[in-house]
Amino acid sequence: MTLVATAEDMQRIASPLARAATAIRRNPTIFIGSVLLAALVALTLAAPWVAGDPFRQAPVNRLRPPSEPFWFGTDQFGRDVFSRTVYGARVSLIVGFAVAALSSLIGLAVGLVCGYFKRIDAVIMRAMDGIMAIPSILLAIALITLTRPGLGIVIAAIVIPEVPRVVRVVRSVVLSIRAQPYVESAIAGGTRNAKLLVRHILPNTLAPLIVQATYVCASAMLIEAGLSFLGAGVPPEIPSWGNIIAQGRTFFQIAPWSIFIPGAFLAVTVLAVNMLGDGLRDRLDPRLARRL
Amino acid sequence: MTLLQVRDLKTHFFTADGIVRAVDGISFDLAAGETLGIVGESGCGKSVTALSILRLIAPETGRIVGGSIMLDGQELTTLPIEAMRAVRGRRIAMIFQEPMTSLNPVLTVGTQIAESVQRHLGLSRRAAWDRAHEMLELVRIADARRRLSEYPHQLSGGMRQRVMIAIALCCDPQVLIADEPTTALDVTIQAQILDLMLELKEKLGSAIILITHDLGVVAETCERVLVMYAGRMVEQATAGELFGRPLHPYTRGLLRALPRADDEVGVAGIRPKLAEIPGIVPALNRPIVGCAFAPRCRYVVDLCRTTAPALTAANGPHPVACWEAQRVAEEAA
């Protein structure tokens, strides 16, 4: 590498396209992850136009292998697996994003308070340990027996055990930031607790929080599929990947596509979210980011 | 007129290894506009004294167990925390040792100065920003307008310490506590920062408590000096007195350990070896019987090992805590 900037270098810096190319070369995981995820989101949004009716049963077309009108084959009721998979992506994405957003928000608030106010830290953290010990599948089954199954219940059942994981991350960051000289310096300047938390500590927790949120999102998608597969998730009439797999299970030997295809979508989606998370972790790490 | 009066201040830390008596009976007065140096080696309680004055000792680890701190007639040790917050940064400001980490990396320089101004002087955002600009010019940062919207990592160490000084002085504090303000800076910048602090002190009329282990810095800047050892005071004098006629064996040891430009250069350009004080600082988690310096002292007598000497002017021209001060002074003369 040369330290003298040539005209070519200057041009490369100036062109946004070239800058994007450099960013992709430096951190391909973010790129691949976000492109896959964006494609899935686009597909979900465009579902009414690209996919047929996911509920229409056609006994004539039962258990068709992937072929011309039914790209991904049909299930035992003659329903189009492609349409069902595309609509099923909605459930996964909604659950993934909602769980990530909710558990991040709650976890951030609790984590900030825990890390900053040492007096209540021990109490809240023990409560968090307790919550973390609840398996989300059992919690979901319990919640559904108490109420009626639905997307909201599934989200709640996953959020509750995920919150402590976020709290731990945020709390550990707060503990380390609290010990920074600039925090002491702000206290020495007479800054109030609320301001100290929001202005000086909160911004430093955001990078690790975003990374943690992507992992929560990926794990929520997997748990949702597991819950649906077990019949403890979204109601069976809603096409979600877990439901499609559960319903295709009995015909696995003669129509494996109705399991493999939603399964592959689930795997790729979770992989995309995890890749995005790993890429963001590398990118947002202040030590690495400074190289820019 | 006495602005800050500290009497018999004791700050102890409660650890698994016992009670650490980090500050064990410190008293001093600070007049308006005066510069007081507190010197001593690492771990002697200088910084804890400073933190105690602002009540910044983390309550989980330690607390002020005795003594009084009066600022302008107001007792600080018993002040409610909200009132104490109004003192911090407004009436007593502090500059820390580490300019590289004492500024928040995610906020601009201007925001960090303006924040303090808004908080303490109740100015509007606009006016606070103007005040921040004014302060940056006062601490002689070139191109202040642009620097205001820069982040700490864009500034050099010396500039960051100037920003710290700007933050500390932006609300016209009566007392400025500078805890090793130049230790992390290189020598050429050190002098600039010290000059700047003294010049601003004259301009704004703040009193300064300068905490340092560097006697050279003290000689250059302080009017009065307090020497600390193992959490206690050993000697208090004007800078001239202290350097001219040190009475405590510890102070003498410190002064002898300073390199001097007029030391004779021997064969092959080697200067004489610097003097050192034998032994180590006593552990502070056990009660110290007698004089804390006794185990390392050349002048030690039996009395030193049993009874701690009080800081008194009885044995010499200025207050010293030593039974044998007379003998030390005579020997020096």
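Up top is the structure these notes are about.
The shown structure was predicted, so the numbers you read here are calculated from the model rather than taken from an experiment. (Residues numbered from 1 in each chain as written. Chains lettered and ligands numbered in written order. Predicted model: local features only at pLDDT ≥ 70, side-chain atom pairs only at ≥ 80, totals over all residues.)

Caption draft 1: Looking closely at the sheet that holds strand E9 (residues 224-229) of chain B. All names here are of chain B. On the basis of which strands lie adjacent, the open sheet formed by six strands has the order E6-E7-E8-E3-E9-E10 and mixed pairing. Across the chains shown, the open sheet's two edge strands, defined by having one partner strand only, are strand E6 (92-95) and strand E10 (232-238). Strand after strand, the sheet turns through a mean of 15° between neighbouring axes, direction not considered. The sheet contact formed by strand E3 (residues 35-39) and E9 spans four bridges and is parallel. Bridge pairing in E9 places Ile38 opposite Leu226. Against the sheet, helix H6 (residues 157-169) makes contact with E6 and strand E7 (175-179), and its axis sits at roughly 170° relative to E6, the strand it touches most. (Pairing = 2+ DSSP bridges. Helix = DSSP H or I, 4+ residues; strand = E, 2+ residues; numbered from the N terminus. Axes fitted to C-alpha atoms, helices over the stretch in contact; angles between N-to-C directions. Contact = placed C-beta atoms within 7 Å.)

Caption draft 2: Region of interest: H6(B). Residues and elements named next belong to chain B. Over its 13 residues, H6 extends 18 Å from the first C-alpha to the last, a length consistent with the 18 Å expected when each residue adds 1.5 Å. Of all 13 residues in H6, eleven are buried; the element is thus mostly enclosed. Those residues of H6 lying buried are Met159, Arg160, Gln161, Arg162, Val163, Met164, Ile165, Ala166, Ile167, Ala168 and Leu169. Its buried side turned inward, H6 meets E6, helix H3 (109-121), helix H4 (125-138), E7 and helix H7 (187-204). (Expected span 1.5 Å × (residues − 1). Buried ≥ 20, exposed ≤ 12 C-beta atoms within 10 Å, placed from the backbone.)

Caption draft 3: Main features of the packing of helix H5 (residues 81-116) of chain A against helix H8 (residues 151-178) of chain A. Residues and elements named next belong to chain A. At a minimum axis distance of 5 Å, the contact between H5 and H8 shows a crossing angle of 40°. When the axis of H5 is compared with that of H8, the two are oblique. When the axes of H5 and H8 are compared, the crossing they make is right-handed. Within the contact of H5 with H8, the residues separate by chemical class into 22 nonpolar, five polar and three charged. (Parallel < 35°, antiparallel > 145°, perpendicular 65-115°, else oblique. Left-handed = near helix turned anticlockwise from the far one by under 90°. Nonpolar A, V, L, I, M, F, W, Y, C, P; charged D, E, K, R; others polar.)

Caption draft 4: Spatial organisation of the interface of chain B and chain A. Each side of the interface is counted separately: chain B has 20 residues, and chain A has 15 residues. Top contributing element to the side of chain B that touches chain A by residue count: H3(B), with three residues. Of the residues in the side of chain B that touches chain A, the class split is eight nonpolar, six polar and six charged.

Caption draft 5: Here's a closer look at the packing of H3(B) against H6(B). All names here are of chain B. Taken N-terminus to C-terminus, the directions of H3 and H6 make an angle of 20°; their axes are 8 Å apart at the nearest point. By the angle between their axes, H3 is roughly parallel relative to H6. In terms of crossing hand, the pair formed by H3 and H6 is right-handed. Counting all contacts with H3, which are made through Val109, Gln112, Ile113 and Ser116, the residues of H6 involved are Val163, Ala166 and Ile167. Each residue belonging to the contact of H3 with H6 can be placed in one class, and the counts come to five nonpolar, two polar and no charged.

Caption draft 6: Focus on the nonpolar core. Residues Ala166(B) and Ile209(B) are the most contacted members of the largest nonpolar core, which totals 96 residues. In terms of residues, this core owes the most to one element, H6(B), which gives eight residues. When near neighbours in sequence (up to four residues on either side) are disregarded, Ala166(B) contacts Ile113(B), Met135(B), Leu136(B), Leu138(B) and Val139(B). Among the nonpolar cores identified, the runner-up in size contains 62 residues, and Val166(A), Val170(A), Ala218(A) and Ile223(A) belong to it. (Core = buried A, V, L, I, M, F, W, Y, C linked by C-beta atoms within 7 Å.)

Caption draft 7: How the structure looks around the environment of Arg64(A). Turning to its location among the elements, Arg64(A) is positioned in the loop between helix H4 (47-50) and H5. Between the C-alpha atoms of Arg64(A) and Val81(A), which are 17 residues apart in sequence, the distance is 9.8 Å.

Caption draft 8: Representation of the sheet that holds strand E1 (residues 2-15) of chain B within the structure. Residue and element names in this part refer to chain B. Reading across from one edge, E2-E1-E4-E5 is the order of the four strands in this open sheet, with antiparallel pairing throughout. The outermost strands of the open sheet, each flanked by one partner alone, are strand E2 (18-31) and strand E5 (74-75). Where strand E4 (residues 62-71) and E5 come together, two bridges link them in antiparallel fashion. Counterpart to Leu71 in the pairing with E5 is Gln74. Against the sheet, helix H1 (residues 46-53) touches E1, E2 and E4, its axis set at about 70° to E2.

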